[in-house]
Amino acid sequence: MRRLLLFLATCLPLLAIAQGVTITSTEPLLADFGSAAYYPVLSADGQKLLFTGENQQGLNLYNFSDQKVTEITTAERAGFGAQFGKDGRIYYTTQKRVDGLCYRSAMSYDAVTKSTSTIVADQRILQMPCMVNGGAVVKSTKGTITTSGVKDKGTYVYTKGSKVIVVKNGVEKSYSPVESYAGYLWASLSPDGQKVMFFAAGKGIVVMDLNGNVLAQLGKYEIPCWLGNNYIVAQNSKDDGYTYTSSQIVLMKADGSNFKALTAPESMTMQPTTDAAGDKIVYTNAEGQLYLMKVNINE
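Residues numbered from 1 in each chain as written. Predicted model: local features only at pLDDT ≥ 70, side-chain atom pairs only at ≥ 80, totals over all residues. Heavy atoms only, no water.

Draft legend 1. Region of interest: the pattern of salt bridges. This structure, assessed with the given rule, holds three salt bridges. A salt bridge links D110 to R89, with the shortest nitrogen-to-oxygen separation between them at 3.4 Å. Of this pair, D110 sits in strand β8 (residues 101–110) while R89 sits in the loop between β6 (83–84) and β7 (90–98), placing them 21 residues apart in sequence. Here the two residues D110 and R89 agree in accessibility, since each one is buried. For the salt bridge of D122 with K96, the shortest nitrogen-to-oxygen distance reads 3.3 Å. With a gap of 26 residues between them, D122 in strand β9 (residues 115–123) and K96 in strand β7 connect regions that are remote in the sequence. Residue K96 is classed as partly exposed on the basis of its relative accessible area, which comes to 38%. (Salt bridge = Lys/Arg side-chain N within 4 Å of Asp/Glu carboxyl O. Helix = DSSP H or I, 4+ residues; strand = E, 2+ residues; numbered from the N terminus. Buried < 20%, exposed > 50% of the residue type's maximum accessible area, 1.4 Å probe, protein only.)

Draft legend 2. Fine view of the packing of aromatic side chains. Applying the stated criterion across every chain, the model contains seven aromatic pairs. Summarising the aromatic geometry, the rings of Y39 and F80 are spaced 5.4 Å apart at their centres and angled 80° between planes, so their arrangement reads as edge-to-face. Of this pair, Y39 sits in strand β2 (residues 38–42) while F80 sits in the loop between β5 (68–76) and β6; the two residues are 41 residues apart in sequence, bridging distant segments of the chain. Over the ring of Y103 we find R124; its NZ or CZ atom is 5.7 Å from the centre of that ring. (Phe/Tyr/Trp six-rings, centres within 6.5 Å; stacked < 30°, edge-to-face > 60°. Lys NZ or Arg CZ within 6 Å of the ring centre and 35° of its normal.)

Draft legend 3. Seen up close, the state of the cysteines. Considering all chains together, one arrives at zero disulfides under this definition. Cysteine C102 is unpaired, with the sulfur of C130 as its nearest cysteine sulfur at 19 Å. Under the relative-accessibility criterion, C102 is labelled buried at 18%. Lacking any disulfide linkage, C130 is separated from the closest cysteine sulfur, that of C225, by 18 Å. (Disulfide = S-S within 2.5 Å.)

Draft legend 4. Summary view of the confidence of the model for the protein. The pLDDT averaged across the protein works out to 90; a share of 94% of its residues lies at or above 70. Throughout residues 1–18 the model reports pLDDT below 50, and contacts reaching past four residues in sequence, or to other chains, amount to 40 contacts. (pLDDT = per-residue confidence, 0-100. Contact = heavy atoms within 4.5 Å.)

Draft legend 5. Region of interest: the sheet that holds strand β16 (residues 184–189). Within the open sheet, the four strands sit side by side as β16-β17-β18-β19. Their pairing is antiparallel. If you trace the sheet from one side to the other, it starts and ends with β16 and β19 (214–219), each paired once. The sheet shows a mean angle of 20° between the axes of neighbouring strands, direction not considered. In this sheet, β19 lies alongside strand β18 (residues 204–209) in antiparallel orientation, the contact comprising four bridges. Bridging from a neighbouring strand, V207 pairs with A216 of β19. (Pairing = 2+ DSSP bridges. Axes fitted to C-alpha atoms, helices over the stretch in contact; angles between N-to-C directions.)

Next up, the structure:
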């Protein structure tokens, strides 16, 4: 009964959303998968989906075209921050503990050959791989490591403490546009590469230009992702200090001019991801049931 109520709360579309945006459909994904699914990541073309299992164990790939799931790895935390590369490969990190110390490795996976490669192994400090043209760039205690296929790094962003690092053609510039007591997370470029979004602890979602100028502060929402160039989807959750008391998926305009809920607080929906076209949103709920929402943006 609880799953049914959650499904109804999730699927009843709140159609009076931000100007120019309507929900066209909402449906469950992988309802018969047999296991919980968390931290979904959509590919840019919206045709593939990465997700992890209970307790952040392993990484799986779902193909919308044939509706098949492929297990990439069973490694710990492999689904936390996994990404689709511009070169068609999948990039992720794994984690292990030795004598009480945590070590991380950066990995890549070829879905065609089903082969896995190690980019850098067993590092005490390692940033999530940054996607660039032709592959990935990884920052670690071994320095900056670039995968072999990279020819043009272009523009990419990442966070380090309370700094957003913007890298343009190999030149790094760091910005700290807002104060944050515990640092920044979830930095990403808008699809057109003109804006940077990140989460500042204690402040919430911040949007800035490539020169570090703040364009908008959107509030204390989590796990933000771009929906096209002008909208952002995020998680709005509340807790009692021990567990979530409510959680919903929300949509806002990147300039802060509009904000509307896409799901109800009692749906316990969370961890949204979007495709580059800006018309698909995948998210999960507290029970690990994935959902696919399709939206239409008219501006």
